[in-house]
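# An overview of the molecular structure
Below are the chains, spelled out letter by letter.
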Amino acid sequence: QVQLVESGGGLVQAGGSLRLSCAASGGAFSTYAMGWFRQAPGKEREFVAGITWNGDNIDYVNSVKGRFTISRDNAKNMVYLHMNSLKPEDTAVYYCAAAPGWGIDLQSSYDYNYWGQGTQVTVSS
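We now turn to the structure provided with this report. (Residues numbered from 1 in each chain as written. Predicted model: local features only at pLDDT ≥ 70, side-chain atom pairs only at ≥ 80, totals over all residues. Heavy atoms only, no water.)

### As for unusual backbone geometry
Of note, Asn-77 is a non-glycine position whose phi angle comes to about 55 degrees, a positive value. Here Asn-77 is to be found in the loop between β7 (68-73) and β8 (78-83). Residue classification places Asn-77 among the partly exposed residues on the basis of a relative accessible area of 25%. Here Ser-85, not a glycine, exhibits a phi torsion of approximately 50 degrees, which is positive. By secondary structure assignment, the location of Ser-85 is in the loop between β8 and β9 (92-99). Assessed through its relative accessible area of 40%, Ser-85 is described here as partly exposed. (Helix = DSSP H or I, 4+ residues; strand = E, 2+ residues; numbered from the N terminus. Buried < 20%, exposed > 50% of the residue type's maximum accessible area, 1.4 Å probe, protein only.)

The following block contains the structure:
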């Protein structure tokens, strides 16, 4: 069983930056694809960014390309989401997720077996 704990959320003004962290334990982290998803009030959960186990494939939703960067440190069992030029529409609860196995569709929430509890990101205008 994999446990995921997010941190780093908070309140920031538009144009600001945050770094979200996700600490993984209880599994073979270095073999998992990892993703970040978000859910805004009244909206469905959406894919934000994903990275394969070795970092050779990275994907982003179009709305964050050029502003967000996903990275991972397999030695520390950590995955990060660096968020720059934040906009009010980025306000959401952000979730870290882990997908064991191969051939993962990084954008599909159905491929992720493990989820964190989420961290709130609020961007004020």
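### Regarding the sheet that holds β7
Pairing is antiparallel in the open sheet, where four strands are placed in the order β1-β3-β8-β7. Strand pairing shows two members of the sheet lacking a second neighbour, β1 (3-7) and β7, which therefore form its edges. In this sheet, adjacent strand axes meet at a mean angle of 15 degrees when their direction is disregarded. (Pairing = 2+ DSSP bridges. Axes fitted to C-alpha atoms, helices over the stretch in contact; angles between N-to-C directions.)

### Observations regarding the pattern of salt bridges
Taken as a whole and assessed by the stated rule, the structure comprises three salt bridges. Its salt-bridge partner being Arg-67, residue Asp-90 comes within 2.8 Å of it at the nearest N-O pair. Taken together, the residues Asp-90 in the loop between β8 and β9 and Arg-67 in the loop between β6 (58-60) and β7 connect sequence positions 23 residues apart. Classification of Asp-90 as buried rests on a relative accessible area of 1%. Three or more residues joined by partner-sharing salt bridges are found here, namely Arg-38, Glu-46, Arg-67 and Asp-90. (Salt bridge = Lys/Arg side-chain N within 4 Å of Asp/Glu carboxyl O.)

### Section: the packing of aromatic side chains
All told, the structure shown has five aromatic pairs when counted by the stated rule. Arranged with centres 5.7 Å apart and planes meeting at 75 degrees, the rings of Phe-37 and Phe-47 form a pair that is edge-to-face. Separated by 10 residues along the polypeptide, Phe-37 in strand β4 (residues 33-39) and Phe-47 in strand β5 (residues 46-51) bring together distant segments of the chain. This pair shows no difference in class: Phe-37 is buried, exactly as Phe-47 is. One aromatic cluster in this structure is built from Phe-37, Phe-47, Tyr-112 and Trp-115. The ring of Tyr-95 carries the charged tip of Arg-45 above its face, separated from the ring centre by 4.1 Å. The ring centre of Trp-115 lies 4.6 Å from the NZ or CZ of Arg-45, which sits over that ring. (Phe/Tyr/Trp six-rings, centres within 6.5 Å; stacked < 30°, edge-to-face > 60°. Lys NZ or Arg CZ within 6 Å of the ring centre and 35° of its normal.)

Everything listed here is a matter of geometry and, on its own, says nothing about what the molecule does.
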